[in-house]
Amino acid sequence: MSQLLLFIVVALVVGTIVFGVTVLLSGGDSGLTPVEPDGQSVPLPGDRPLGEDDIGRTRFDTAWRGYRMAQVDQALQRAAYDIGYKGELISVLEAEVTALREGRTEDADALRAAREAAVAPTQATPAEAEKKTAEAEKIGEDTDGPVAEVAEIPPAADEEPAESR
C-alpha cells in the first residue's frame, strides 16, 4: 500500500513540474488575459446624442466588488436621458406629421421651429438664433432652453375631437 501512495505522490510531482516548465516555455497560460489597469475607463460622450456604438465602446474601471458604481450610475443616467429625449422628439415629429396631414400648416410650422431649436441649438449662427427666438416668442414658447414643450398633441385620425364628445 505504501508503494502505491509513493507512486501517486511521485506522479503528481512530475506532472506539476512538466506543467510548470510548459507554462514557462510557452509564455503563460493562454486562458488568462491581461486586465486593463484602473483609469482606463471609456465614458459615454456628453457632447452629442448617443449611438449604438457608444454603448458598445463604454468601459468601466474595476473595483473590489465589480465595476465602479459611480461610473455605471453616470452612464445609466446619461442613457436614460438620451432615451427620454429621443422619445420626446419622436412625439413632436408625430404631432408635426399629424398636423401636416390634417392641413394645419401653422401648427406644423410651429412644431418644426420648436423641433429645430431643440435639436441643434449650438449649430445656429447668432442671426438664426435670434430669428428662432423671435418665432418661438411669437407662438408663446419658453426660450430659456433647448427643450420644446407641446401644449396639445392633436388626436389621432381615428379619434373624435374633444369638442364633439
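Described in the following lines is the structure provided in the data block. Chains are numbered independently. Their residues run from 1 in the order of the written sequence. Reporting in this predicted model follows two pLDDT cut-offs: at least 70 for local features of residues, and 80 or more for side-chain atom pairs to be given and counted; totals over whole chains, interfaces and linings ignore these cut-offs and use all residues. To obtain the side-chain values, all non-hydrogen atoms of the structure were used and water was disregarded.

1. Points about the packing of aromatic side chains
Each aromatic ring pair is characterised by the separation of its centres together with the angle its planes make. Only Phe, Tyr and Trp rings are paired, with Trp represented by its six-membered ring, and only when their centres lie within 6.5 Å; those with planes under 30 degrees apart are stacked, over 60 edge-to-face, the remainder tilted. Throughout the structure, instances matching the rule amount to 2 aromatic pairs. Both rings, one in Tyr-81 and one in Tyr-85, keep their centres 6.4 Å apart while their planes meet at 20°; by these two values the pair is stacked. With Tyr-81 and Tyr-85 both in helix H3 (residues 69-101) and 4 residues apart, the pair spans about one turn of that helix. Numbered from the N terminus, helices here are DSSP runs of H or I no shorter than four residues, and strands are runs of E no shorter than two.

2. Things to note about the packing of H3 against helix H4 (residues 105-119)
To obtain an axis, a line is fitted to C-alpha atoms, over the contacting stretch when the element is a helix, and the angle between two such axes runs from 0 to 180 degrees between their N-to-C directions. Two numbers describe how H3 lies on H4: the axes approach to 8 Å, and their chain directions differ by 160°. The orientation of H3 with respect to H4, classified from their angle, is roughly antiparallel. Classified by chirality, the crossing of H4 by H3 is left-handed. Touching Tyr-85, Leu-89, Val-92, Leu-93, Ala-95, Glu-96, Ala-99 and Leu-100 of H3 are Asp-107, Ala-108, Leu-111, Arg-112, Arg-115, Ala-118 and Val-119, all from H4. Ten residues, namely Ala, Val, Leu, Ile, Met, Phe, Trp, Tyr, Cys and Pro, are considered nonpolar, four, namely Asp, Glu, Lys and Arg, are considered charged, and the remaining ones, Gly among them, are considered polar. Of the residues belonging to the contact of H3 with H4, the class tally is 11 nonpolar, no polar and 4 charged. Each angle is binned into one of four classes, with values under 35 degrees roughly parallel, values over 145 roughly antiparallel, values of 65 to 115 roughly perpendicular, and all other values oblique. Crossing handedness: left-handed means the near helix sits turned counterclockwise from the far one by under a right angle, and right-handed means the same turn made clockwise. Only heavy atoms enter the contact rule, under which two residues are in contact if any of them lie within 4.5 Å.

3. A short note on H4
Multiplying 1.5 Å by the helix residue count minus one yields the expected span of that helix. Taking 1.5 Å as the rise per residue, H4 with 15 residues should run 21 Å; its terminal C-alpha atoms sit 20 Å apart, in good agreement. We call a residue buried when its accessible area falls under 20% of the maximum for its residue type, exposed when it is over 50%, and partly exposed in between, using a 1.4 Å probe and counting protein chains only. Those residues of H4 that fall on the buried side of the exposure criterion are Ala-108, Ala-110, Leu-111, Ala-113, Ala-114, Arg-115 and Ala-118.

4. Here we look at the side chain of Asp-54
Inspection of the secondary structure assignment puts Asp-54 in helix H2 (residues 52-57). Overall, Asp-54 belongs to the buried group, its relative accessible area being 6%. Discounting residues that sit within four places of it in the chain, Asp-54 has contacts with Leu-44, Pro-45, Arg-48 and Pro-49.

Taken by themselves, the reported measurements are silent on function.
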